[in-house]
Amino acid sequence: MLKIGEEERGLSPFELAEPRSLREALALLGADGVRPLSGGTALMLMMKAGVLRPTRLVNLRRLGIDQIERGNGGELRVGAMTTLRALEKSPLLKEWPVIARTLRTLSNVRVRNVATVGGHLAHGDPHMDLPPLLSALGATVTIAGPKGERTTPVEALYAGYLETTLARNELITQLLVPAMGARRAAYLKCTTRSADDWPALGVAVVLDGRKTSIVVSAATDRPTRLASVEAAEGLRIESDLHGSAQYKKQLLRVYLARAIHEARHASH
Ligand SMILES: Cc1cc2nc3c(=O)[nH]c(=O)nc-3n(C[C@H](O)[C@H](O)[C@H](O)COP(=O)(O)OP(=O)(O)OC[C@H]3O[C@@H](n4cnc5c(N)ncnc54)[C@H](O)[C@@H]3O)c2cc1C
């Protein structure tokens, strides 16, 4: 176990564990102050800001959970340690072009080269781009814990701002995205600075015959499904650094219509 720390630069000392199996990793989790580490792009910023002061990080990089495959049911299976960039570049995304399009405006290549699918889904920041899209696509995650595995919809992972429904001793190990079939989808993010900035609003729309799935993010404290287009008017919207609630409400009116239009005209 490595000991790391640079207290003089605001990073509290911590131990770094590098387990070589999932079982070993799970055994190291659970206690106060222990956090899993994937790409570290979110975790390290929070540690440097002093928001988190873990005493031990459990690095998941040696667990061998970074494969991207197509399952027997036509679904996309993505290991949690797959980087966002590897996913974006995967030829398998030809069937899910909406995911590749979304990834291309998710931060920048430097972040996507390091950030992982598991870390992205576990972070719980409501401004993240993939959770609303994956929720609208009906994606699920496999979660490993001391009692075995469970599967949960991506949509059910979020409990509030930076709050997830994962227990401290659980790890996301895989993402499963159902086959697109005849579905058509679009994700639009509205940023107030560069196109790849954090969104002020994210809207995912998936059209499946007569069924329309709409999930809104960045304007709400977690990705939120709308029961209908009309429900957008009653949505509780939060103000933040990217815009006031009133501004975001207007953005939602405009972007929801645009996202539905884009989904209708998408090849998938
Ligand atoms: C400059 C910058 C700009 C960004 N812009 C955007 C943007 O526009 N849109 C966007 O969507 N995102 C953006 N991001 C966020 C980026 O997507 C996340 O930082 C990243 O996805 C987190 O992944 P990671 O692998 O680095 O996670 P980590 O930082 O390693 O972990 C994040 C959290 O998840 C926990 N965790 C990690 N792996 C697992 C696991 N397998 N199971 C359970 N818990 C786990 C960690 O303990 C930690 O709490 C930006 C980040 C940066 C640094």
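Structure's up top.
Structure report, in brief. (Residues numbered from 1 in each chain as written. Predicted model: local features only at pLDDT ≥ 70, side-chain atom pairs only at ≥ 80, totals over all residues. Heavy atoms only, no water.)

The next point concerns the sheet that holds strand β5 (residues 68–70). Ordered in space as β5-β6-β11-β7-β8, the five strands form an open sheet in which the pairing is antiparallel. Every other strand in the sheet has two partners, leaving β5 and β8 (148–153) as the edge strands with one partner each. This sheet shows a mean twist of 25° between the axes of neighbouring strands, independent of strand direction. As paired strands, β5 and strand β6 (residues 76–79) are joined by three bridges and run antiparallel to one another. Residue pairing in the sheet places I68 in a bridge with V78 of β6. (Pairing = 2+ DSSP bridges. Helix = DSSP H or I, 4+ residues; strand = E, 2+ residues; numbered from the N terminus. Axes fitted to C-alpha atoms, helices over the stretch in contact; angles between N-to-C directions.)

Considering the arrangement of structural elements, one finds M81 in the loop between β6 and α3 (84–89). When the C-alpha positions of M81 and L63 are compared, they lie 8.4 Å apart, and in sequence the two are 18 residues distant. Excluding anything up to four places from it in sequence, M81 contacts S38, L60, R61, I65, D66 and T116. (Contact = heavy atoms within 4.5 Å.)

What follows concerns the site of the ligand. Inspection of the region around the ligand gives 30 residues, with R35, P36, S38, T41 and D129 positioned closest. Here an oxygen atom of the ligand sits 2.8 Å away from a polar atom, N or O, in the main chain of G39. Calculation on the ligand without its partners gives an accessible area of 980 Å², and the protein chains cover 91% of this total. Of all the secondary structure elements, the ones that give two or more residues to the shell around the ligand are β3 (34–37), α2 (43–48), α6 (117–123) and β11 (171–177). Looking at the shell around the ligand element by element, the count peaks at four residues for α6. Counted by class, the shell around the ligand contains 15 nonpolar, nine polar and six charged residues. (Near = heavy atom within 4 Å. Polar contact = N/O pair within 3.5 Å; in protein donor to acceptor, adjacent residues only side chain to side chain. Areas by Shrake-Rupley, 256 points an atom, 1.4 Å probe, with all protein chains shown as cover. Nonpolar A, V, L, I, M, F, W, Y, C, P; charged D, E, K, R; others polar.)

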